Amino acid sequence: MEILKAENLFKSFVGTEDVVSGVSFQINEGEVVAVIGPSGSGKSTLLRCLTLLERVDHGSIFVAGKPMVTTSPTGRVTYVPEEQLRKIRLRLGMVFQNFNLFPHFSVLRNITEAPIRVAGMSPAEAESVALQLLAKIGLSDKAEAYPYQLSGGQSQRVAIARAMAMKPDILFFDEPTSALDPELTGEVLKVIRNLAAEQMTMMVVTHEMSFARDVADRVIFMDKGQIVEEGNPDTLFTTPTNDRTKAFLSNYHVNSGA
Amino acid sequence: MFLFEHGAPLLKQLSLLGAGALTTLRIFFLTLLFSLPLGLLIALARMAPQKWLNAPVKLFILVMRGTPLILQLIFFYFAPFYMLPEGLRFNISRFPTAIIAFSLNYAAYFAEIYRGGIESIPQGQYEAAAVLGFTKSQTFFRIILPQVIKRILPPISNEVITLVKDSALVQVLGISELFRVAKNEASRVFSTTPLFIAGLFYLIMNWIVTKLFEAAERKLSYYR
């Protein structure tokens, strides 16, 4: 079943090259989609449009079949009213490159605050959900710690648990390991792998090619704001058809080998 | 001793100074009570994207920080009478005038401190709150403001300490606060002792203020 559908999305900013120009794709339930591409290719902007951190200039987005934003044939962009957007937002989770944990909350409260305040969960239930999630990411002993006491890898795992506590239908990752050194990257990727094994629907913007190859069901290659090529990882990584994909992947292997 | 030679028992003098100190304390607490929340509103208006809102607020902050507080005291005392057309004129009593002038003046300073604190919070905090579904007011009061308060405690304590001493300015309106009482006593008994007693009072009060802010900083040191 299709969980997210984007049609002909456009987004640009004054004075930057990071744009999205005419992107369409869909994600099915349980699917893991990796988005790769050079810096400034619009990957992060696309993710920010999908998670309502930015408003699109044109195009339509449907979440679980329901419209979030639509564009009429005359080019009029209409977002659904705020109370509906609030409901849609609850279906979408996001993990940032820089974690963005709340420094004044303990790890436990970072995870329970939104379920209690936004989703209306009882504190007891939220805490039991949080403790289960902490056990799953191997950080049960850190429940009472504060973010400054965590390593980057631990912080990112907590950020994933915080997003998962809202039980989203789809979880977006914006370069989740780019702020981490290689040693810590592994522990975060392992958590994402485990989520994939549990059929969590995910869209991951990443520079970790081997991860994309191992975990993703489908890989999207973006360049200059457009989807240049997409397909299953084995095909895309071994026999890319597009020249830009070939060039990017060859560069990438040179870089990662260095 | 000088004090007794002039027939002013020390106890009587202390009670006079005590009454002045009480007025000083009233000015201090009332000013904080009004200026701390007002400063936050002014800061939010100052940061609003709408020019019709932020431009007058910028001008207000410029005037309040750019002219002497003693002049503002005089202005607020005479303005209701001299600046209003006949028929609308009224006289305002001294003490409320002092509180209004002090609250507006300190709110302007606090506003800029709040603004500095709010703008120092990374954008990512707002974005994380937004994707988790927090409303704007939840985001501000639960996520942003607590972090702002921790960051602005040192500059706020600076202002509060200054306020203790600035309270002496209200004597320009003839209000008998501590410094005026001390000065009058000093000329009456022909001794500087009352002035030094007043000085000691300001010092003790600011010692307490300093200790309170240190305690607050310690309380918020559980995170970074």
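Preceding block: the structure.
Reading guide: rules and limits
Residues numbered from 1 in each chain as written. Chains lettered and ligands numbered in written order. Predicted model: local features only at pLDDT ≥ 70, side-chain atom pairs only at ≥ 80, totals over all residues. Heavy atoms only, no water. Core = buried A, V, L, I, M, F, W, Y, C linked by side-chain atoms within 4.5 Å. Buried < 20%, exposed > 50% of the residue type's maximum accessible area, 1.4 Å probe, protein only. Helix = DSSP H or I, 4+ residues; strand = E, 2+ residues; numbered from the N terminus. Contact = heavy atoms within 4.5 Å. 1 Å grid on protein atoms, 1.4 Å probe; cavity = no way out; pocket = protein on both sides within 12 Å on 5 of 7 lines; lining within 4 Å. Points joined across faces, edges and corners; volume = space filled by probe spheres on them. Nonpolar A, V, L, I, M, F, W, Y, C, P; charged D, E, K, R; others polar. Axes fitted to C-alpha atoms, helices over the stretch in contact; angles between N-to-C directions. Parallel < 35°, antiparallel > 145°, perpendicular 65-115°, else oblique. Salt bridge = Lys/Arg side-chain N within 4 Å of Asp/Glu carboxyl O. Pairing = 2+ DSSP bridges.

**Remarks on the nonpolar core**
In step 1: Counting 96 residues, the largest nonpolar core has A:Leu4, A:Phe25, A:Leu46, A:Leu50, A:Ile61, A:Phe172 and A:Met203 as its most contacted members.
In step 2: With 13 residues, helix α5 (residues 94-119) of chain B is the single largest residue contributor to this core.
In step 3: Once you skip the residues sitting within four places of it in the chain, A:Leu50 turns out to touch A:Leu4, A:Ala6, A:Leu9, A:Phe25, A:Ile61, A:Met68, A:Leu92, A:Phe172 and A:Met203.
In step 4: A:Val95, A:Leu133, A:Ile160 and A:Ala163 belong to the second largest nonpolar core, which has 40 residues in total.

**Some remarks on the layout of surface pockets**
In step 1: When its volume is computed, the largest pocket comes out at roughly 680 Å³.
In step 2: What lines the largest pocket is a set of 23 residues, among which A:Arg89, B:Tyr126, B:Ala130, B:Lys136 and B:Thr139 lie closest to the centre.
In step 3: Only α2 (82-91) of chain A together with α5, α6 (123-131) and α7 (136-166) of chain B provide two or more residues apiece to the lining of the largest pocket.
In step 4: Residue contributions to the lining of the largest pocket peak at 5 residues, all from α6(B).
In step 5: For the lining of the largest pocket, the per-class residue count stands at 11 nonpolar, 4 polar and 8 charged.

**A look at the packing of helix α2 (residues 10-47) of chain B against helix α8 (residues 178-189) of chain B**
Residue and element names in this part refer to chain B.
In step 1: In the contact formed by α2 and α8, the axes pass within 7 Å of each other and the chain directions differ by 155 degrees. Put simply, α2 runs roughly antiparallel to α8. Residue-level contacts link Gln-13, Leu-16, Leu-17, Gly-20, Ala-21 and Thr-24 of α2 to Leu-178, Val-181, Ala-182, Glu-185 and Val-189 of α8.
In step 2: Grouping the constituent residues of the contact of α2 with α8 by class yields 7 nonpolar, 3 polar and 1 charged.

**With respect to the pattern of salt bridges**
Residue and element names in this part refer to chain B.
In step 1: In total, this model carries 22 salt bridges over all chains according to the counting rule given.
In step 2: Put simply, Arg-115 and Glu-119 hold a salt bridge, and the shortest N to O gap is 3.6 Å. Residue Arg-115 and its partner Glu-119 are both found in helix α5; the two are separated by 4 residues, about one turn of the helix.
In step 3: Exposure remark for Arg-115: the relative accessible area of 18% places this residue in the buried category.
In step 4: Among the ionic contacts, a cluster of salt bridges with common partners joins Arg-46, Arg-65, Glu-112, Arg-115 and Glu-119.

**Focus on the sheet that holds strand β9 (residues 202-205) of chain A**
Residue and element names in this part refer to chain A.
In step 1: Strands sit in the order β7-β8-β9-β3-β10-β11 across an open sheet of 6 strands; the sheet is mixed. Two strands in the sheet have a free side with no partner beyond their single neighbour: β7 (92-95) and β11 (226-231). Going across the sheet, the axis of each strand differs from the next one's by a mean of 20 degrees, ignoring polarity.
In step 2: Packed on one face of the sheet, helix α5 (residues 152-164) meets β7 and β8 (170-174) and runs near 170 degrees to β7.

**Considerations on the pairing of β7(A)**
Residues and elements named next belong to chain A.
In step 1: Residue alternation in β7 divides its side chains into two sets, Leu-92 and Met-94 and Gly-93 and Val-95, and both sets are buried.
In step 2: Pairing between β7 and β8: 4 bridges, direction parallel. Along β8, the bridge assignment pairs Gly-93 with Leu-171.

**Comments concerning the sheet that holds strand β4 (residues 58-63) of chain A**
All names here are of chain A.
In step 1: With respect to topology, 5 strands assemble into an open sheet ordered β2-β1-β4-β5-β6, the strand pairing being antiparallel. Only two strands of the sheet have a single neighbouring strand rather than two, namely β2 (20-28) and β6 (77-79). On average, each strand axis in the sheet is inclined to that of its neighbour by 10 degrees, with strand direction left out of account.
In step 2: Here strand β5 (residues 66-71) pairs with β6 via 3 bridges, running antiparallel. Looking at the pairing, Thr-70 lines up with Thr-78 of β6.
In step 3: Sheet strands in contact with helix α1 (residues 43-50) are β1 (2-11), β2, β4 and β5, and its direction is about 120 degrees off that of β1.
In step 4: Sitting on the sheet, α2 is in contact with β4, β5 and β6, with an inclination near 115 degrees to β5.

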